[in-house]
Amino acid sequence: MTRRVLIAGFKHETNTFSVLPTTMDDYRGRVLYFGDEIGKVFADTNSEICGFMDVAEQNGWRPVYSVVADASPSGPVSRATFEEITSRIIADASSGGGVDAILLQLHGAMVAEHSPDGEGLLLRLLREKVGPAVPIGVTLDLHGNVTDDMARYADVIVSYRTYPHVDQREIARECAGLIARTLAGEIKPVVVVRRGPMLVGVDHGRTTAPGPMREALAKAAELMKDAQVHTVSVLAGFSTADIPDAGPSVVVVGEGHDPRYRQMADRLVEFIWQTRAQKTVAPVSSEAAVAVARAKGKPGKPVVIADAADNPGGGGYGDSTRLLQALVDSGLEGVAFGALFDPESAAACHKAGVGGEVKLALGGKVDPAFGPPVGVVATVTALSDGKFLFEGPMQRGVPVDMGPSAAIKSGGVEVVIASRRYQNYDRMFFLSLGIDPNARAVVGVKSAQHFRAAYQPMASEVVVVDEGNGITTRDFSARTYTRIRRPIFPLDLD
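Residues numbered from 1 in each chain as written. Predicted model: local features only at pLDDT ≥ 70, side-chain atom pairs only at ≥ 80, totals over all residues. Heavy atoms only, no water.

Caption draft 1: Representation of the environment of glycine 300 in the model. Residue position: glycine 300 is located in the loop between α10 (286-296) and β10 (303-307). With relative accessibility at 41%, the residue glycine 300 sits in the partly exposed group. Spatially, the C-alpha atoms of glycine 300 and methionine 458 are 7.5 Å apart, while their sequence positions differ by 158 residues. Aside from chain neighbours lying at most four places away, what touches glycine 300 is Asn438, Ala439, Arg440 and Met458. (Helix = DSSP H or I, 4+ residues; strand = E, 2+ residues; numbered from the N terminus. Buried < 20%, exposed > 50% of the residue type's maximum accessible area, 1.4 Å probe, protein only. Contact = heavy atoms within 4.5 Å.)

Caption draft 2: Structural context of the pattern of salt bridges. Inspection of every chain in the model, using the stated rule, returns 31 salt bridges. Between glutamate 83 and arginine 79 there is a salt bridge whose closest N-O contact spans 2.8 Å. Residue glutamate 83 and its partner arginine 79 are both found in helix α4 (residues 79-94); the two are separated by four residues, about one turn of the helix. Residue class for arginine 79 comes out partly exposed when judged on its relative accessible area of 43%. One connected set of salt bridges, linked through shared partners, spans Asp44, Asp54, Arg169, Arg173 and Arg396. (Salt bridge = Lys/Arg side-chain N within 4 Å of Asp/Glu carboxyl O.)

Caption draft 3: How the structure looks around helix α9 (residues 259-274). Across its 16 residues, α9 extends 23 Å between first and last C-alpha, which sits within 8% of the 22 Å expected from 1.5 Å per residue. Buried residues of α9: Tyr261, Met264, Ala265, Leu268, Val269, Phe271, Ile272 and Trp273, and no others. Among the structural elements, β7 (189-195), α8 (212-223), β8 (229-235) and β9 (249-255) are those in contact with the buried residues of α9. Of the residues flanking the start of α9, the one acting as N-cap is aspartate 258, its side-chain oxygen 2.9 Å from the backbone nitrogen of arginine 260. (Expected span 1.5 Å × (residues − 1). Polar contact = N/O pair within 3.5 Å; in protein donor to acceptor, adjacent residues only side chain to side chain.)

Caption draft 4: Quick peek at the sheet that holds strand β16 (residues 405-410). An order of β12-β13-β16-β17-β11-β18-β10-β19 is seen for the eight strands of this open sheet, with the pairing classed as mixed. The open sheet has two edge strands with one neighbour each: β12 (357-362) and β19 (461-465). Here the average twist between neighbouring strands, direction ignored, is 30°. Bridge analysis of β12 against strand β13 (residues 374-384) gives six bridges, and the strand direction is antiparallel. Bridging across to β13, alanine 361 finds its partner in glycine 375. Most of the contacts of α10 go to β19, to which it runs at about 165°, and overall it touches β10, β18 (442-445) and β19. Running over the sheet, helix α12 (residues 343-352) touches β11 (335-341), β12, β13, β16 and β17 (413-418) and is turned about 175° from β12. (Pairing = 2+ DSSP bridges. Axes fitted to C-alpha atoms, helices over the stretch in contact; angles between N-to-C directions.)

Caption draft 5: Focus on the sheet that holds strand β1 (residues 4-11). The six strands lie next to each other as β2-β3-β1-β4-β5-β6, forming an open sheet whose pairing is mixed. Both outer strands of the open sheet, β2 (31-34) and β6 (156-159), are each paired with one neighbouring strand and no more. Ignoring strand direction, the axes of neighbouring strands in this sheet form an average angle of 15°. Here β1 runs beside strand β3 (residues 62-70); their pairing, made up of seven bridges, is parallel. Looking at the pairing, leucine 6 lines up with valine 64 of β3. Of the strands in this sheet, β1, β2, β3 and β4 (101-106) are in contact with α4, which crosses β3 at around 175°. With respect to the sheet, helix α5 (residues 118-130) is in contact with β1, β4 and β5 (136-140), its orientation differing from that of β4 by roughly 170°.

Caption draft 6: Spatial organisation of the pairing of β6. Along β6, one buried face is formed by Val156 and Val158 and the opposite face, lined by Ile157 and Ser159, is buried too. Pairing analysis gives four bridges linking β5 to β6, with the strands arranged parallel. Bridging across to β6, leucine 140 finds its partner in serine 159. As a crossover connection, the stretch from β5 through helix α6 (residues 148-153) into β6 is right-handed. (Right-handed = clockwise from strand over helix to strand, strands pointing away.)

Caption draft 7: View of the packing of aromatic side chains. Inspection of every chain in the model, using the stated rule, returns 13 aromatic pairs. Ring-pair connections join several aromatic residues into one group, and the members of that group are Phe388, Phe390, Tyr422, Tyr425 and Phe429. Its guanidinium or amino end placed over the ring of tyrosine 153, arginine 152 lies 6.0 Å from that ring's centre, counting from NZ or CZ. The ring of phenylalanine 489 has arginine 276 lying over it, and the distance from NZ or CZ to the ring centre is 5.6 Å. (Phe/Tyr/Trp six-rings, centres within 6.5 Å; stacked < 30°, edge-to-face > 60°. Lys NZ or Arg CZ within 6 Å of the ring centre and 35° of its normal.)

Caption draft 8: How the structure looks around the nonpolar core. Formed by 98 residues in total, the largest nonpolar core has its most connected members in Phe42, Met402 and Tyr455. With residues up to four places along the chain from it excluded, the contact list for phenylalanine 42 reads Val31, Tyr33, Ser47, Ile49, Cys50, Met53, Val68 and Val398. The next biggest cluster of nonpolar side chains, apart from the first, holds 42 residues, and it includes Leu6, Leu104, Val146 and Val191. (Core = buried A, V, L, I, M, F, W, Y, C linked by side-chain atoms within 4.5 Å.)

Caption draft 9: A look at the layout of surface pockets. By volume, the largest pocket amounts to about 350 Å³. If you trace the largest pocket, you find 20 residues lining it, with Ala151, Arg152, Ala154, Val190 and Val191 closest to the centre. When contributions to the lining of the largest pocket are tallied by element, the ones reaching two or more residues are α6 and β7. (1 Å grid on protein atoms, 1.4 Å probe; cavity = no way out; pocket = protein on both sides within 12 Å on 5 of 7 lines; lining within 4 Å. Points joined across faces, edges and corners; volume = space filled by probe spheres on them.)

Caption draft 10: Here's a closer look at the packing of α8 against α9. Look at α8 against α9: their axes get within 10 Å of each other, and the N-to-C directions meet at 165°. The angle between α8 and α9 falls in the class roughly antiparallel. When the axes of α8 and α9 are compared, the crossing they make is right-handed. Contacts between α8 and α9 involve Pro212, Glu215, Ala216, Lys219, Ala220 and Leu223 from the first element and Met264, Arg267, Leu268 and Phe271 from the second. Of the residues belonging to the contact of α8 with α9, the class tally is seven nonpolar, no polar and three charged. (Parallel < 35°, antiparallel > 145°, perpendicular 65-115°, else oblique. Left-handed = near helix turned anticlockwise from the far one by under 90°. Nonpolar A, V, L, I, M, F, W, Y, C, P; charged D, E, K, R; others polar.)

In structure tokens:
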């Protein structure tokens, strides 16, 4: 008998401090595919969907493609949007006589207008529809906030083990492989999640240098040598979600119910607590970053500067201007900066055309408190519809649409301007507009950590800037939490 396995994705990393709501238009503007087009779009890509497809092919399953939806991190998902996408997944799970298993690409930090636990609600609704016998496998981002409901309604949960996330396809294969074993009657997995009194930990999950996350993953790997333990995930959590269960967690998936799994998870949580203050990155000011760039940046070996406090990959607006202003004022040559979210300026560039001169007020439009617009007179050097494919290593082959985009040059600074918010973790954000970041002396990116996958190998030095001028700042005193459990580190404890 050919197994029918539902494959779907519904992702969002919700920054509850953002003033930008998340609607269907945000999904249409980034990732929204239905039915058979899913198999075509994600074939041979570094994505969870492709990993699910790999295992489906290996096992002779018939994939039932539902919907793959992913919007840029921002404020809570509207109820209408949540219900529209969720209802599609539930309907597809029960169509054609139902399915034998479900594979879901989720994030783990979705907050909806009507629920602080978007994934937990989706899983509960699915479970109510398909019953207890249909196994559900879930992949999560390393920055998921895993709730008790997520653990209760899923049979398998596996999160990424890399940050930057370069193992998405691999993790999906692991998840789907455990579901294959469940369908074959080889295993009966049970999910256990534990968390501690922490909003942050394991160095925010960084794996690009020795530190607490790597140590925690090594401990998890040791636990997985136990024949009864199917997989162990360590999640750094998402700290800009003001919800009760935000923060680091440990997920153990074991064979049947066994109190040892909770004990294993608690030991790892205790390790996260003991190492909570350890960090591998020390952010600096824009002025300090410019000084490093002046001393060490050169074409072919640029200094890469990351604007971490305004990271669109964590819900940042992508248009704060403190770092950009410092670079414009520096007089440095060979500077590339991007992508700046500014639809108004992008439209002005398209109106002027390539070679045209424009007078722009760059950025500072969503919330000028994070820096007023930067006034420049510039030349438009390139225009684009904003569409390209990621070259990788993150999400290699996955399509991108920044909306109408432009490149401008003012003095020694070139700026990529986009009409949609994107974290810059791929060279194609520059290359698609004719800017080769390898050939520049200084490269500024709106990102916190993911940029390292593409940019660190070319860099003479990497500098991270965080001056509190953005809603993804690691200065927790800049945000007022009202729903998180208390007391908690670092708001109360230590």
